[in-house]
Amino acid sequence: MDLVLEMSLEIEGFDDLVNEEEIREYVQKVLEKEYESEAPVYMSLLFTGNDEIQVINREYRDKDQPTDVISFAYHETEDFDIGPYDTLGDIVISLERVVEQAKEYNHSDKRELFYVLTHGILHLLGYDHIEEEDKKEMRAKEEEILGSFGYTREM
């Protein structure tokens, strides 16, 4: 059975970087491969800038600086399902940081965008990178997913 995905997607600026249809298709395919759910799955995705993500980072993580991606994984704290949905959580991505990091790492903006999106999705699915062993596992999974879509480091 195909995974049914309901996704709230909001884009604040950088319209040329984010193709909504491409993002929805990517998230759908990643979740079909990496997550099993009997119920329809819900998540939200916000693409914003450094100022907004800095406010969120300060408010929820006590870090007063912009970051690339923040994930709020609802299954980590409790089963926070809304109605008939298996609610994974929220992902917030700073498109300004994506562009900055693409330059830093010599990647295309698109490759960096899909890297941080994949990173955020994996956090919703329970991956983390606090312990070194977990970090290796998460990095390997990121590269596996990105590679399967052709988003390589050379992009």
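What counts as what
- Residues numbered from 1 in each chain as written.
- Predicted model: local features only at pLDDT ≥ 70, side-chain atom pairs only at ≥ 80, totals over all residues.
- Heavy atoms only, no water.
- UniProt positions renumbered as here; feature names shortened; annotations may be inferred.
- Helix = DSSP H or I, 4+ residues; strand = E, 2+ residues; numbered from the N terminus.
- Contact = heavy atoms within 4.5 Å.
- Buried < 20%, exposed > 50% of the residue type's maximum accessible area, 1.4 Å probe, protein only.
- Polar contact = N/O pair within 3.5 Å; in protein donor to acceptor, adjacent residues only side chain to side chain.
- Pairing = 2+ DSSP bridges.
- Axes fitted to C-alpha atoms, helices over the stretch in contact; angles between N-to-C directions.
- Parallel < 35°, antiparallel > 145°, perpendicular 65-115°, else oblique.
- Left-handed = near helix turned anticlockwise from the far one by under 90°.
- Nonpolar A, V, L, I, M, F, W, Y, C, P; charged D, E, K, R; others polar.

The protein has the name Endoribonuclease YbeY in an unreviewed UniProt entry, where Fusobacterium mortiferum is given as its organism. Among the UniProt annotations of the protein, the heading Sequence similarities (unreviewed entry) holds the following wording: "Belongs to the endoribonuclease YbeY family."

Visitor: Can you help me understand the UniProt feature "binding site: Zn(2+)" (unreviewed entry) in the protein in this one?
Guide: What UniProt calls "binding site: Zn(2+)" (unreviewed entry) maps, in this numbering, to H119, H123 and H129. Mapped onto the elements of the fold, H119 is located in helix α5 (residues 109–124). Those residues in contact with H119 that sit more than four places away from it in its chain are V69, H129, M138, R139 and E142. With respect to the helices and strands, the residue H129 is situated in the loop between α5 and α6 (132–148). In this structure H129 comes out as partly exposed when scored by relative accessible area, which is 31%. For H129, the residues in contact, after removing those within four places along its chain, are H119, H123, D134, K135 and M138. For H129, the side chain forms a polar contact with the side chain of H119, separated by 3.2 Å.

Visitor: What is the right way to read the pairing of strand β4 (residues 86–94) from this model?
Guide: For a regular strand, the rule is simple: side chains alternate between the two faces of the sheet. For β4, the buried fraction is high: nine of the nine residues fall into the buried class. Relative to β4, strand β2 (residues 41–48) is paired through eight bridges, and the arrangement is parallel. Looking across to β4, one finds that L45 is bridged to I91. Of the pairings in the sheet, the one linking strand β3 (residues 69–73) to β4 comprises five bridges and is antiparallel in character. Paired with F72 across the bridge in β4 is D90.

Visitor: Which parts of the structure should I look at to understand the environment of M43?
Guide: As for its position among the elements, M43 is in strand β2. Sequence separation of M43 and I91 is 48 residues, and the distance between their C-alpha atoms is 7.9 Å. Non-local contacts of M43, meaning those with residues more than four positions away in its chain, are made with L5, E6, M7, S8, V27, L31, L88, G89, I91 and L124.

Visitor: What should I look at first to understand the environment of E38 in this one?
Guide: Looking at where E38 falls in the secondary structure, it is placed in the loop between α1 (20–34) and β2. The sequence separation of E38 and V69 amounts to 31 residues, and the corresponding C-alpha distance is 28 Å.

Visitor: Explanation requested: the packing of α5 against α6 in the structure shown.
Guide: Packed helix pairs are characterised by how far apart their axes lie and by the angle those axes make with each other. At their nearest, the axes of α5 and α6 sit 10 Å apart, and the two run at 130° to each other. Considering their axes alone, α5 and α6 lie oblique with respect to each other. At the point where α5 passes α6, the crossing takes the right-handed sense. Taken together, the residues of α6 that come into contact with α5 (itself represented by R111, F114, Y115, T118, H119, L122 and H123) are M138, R139, K141, E142, E143, I145 and L146. Of the residues belonging to the contact of α5 with α6, the class tally is six nonpolar, three polar and five charged.

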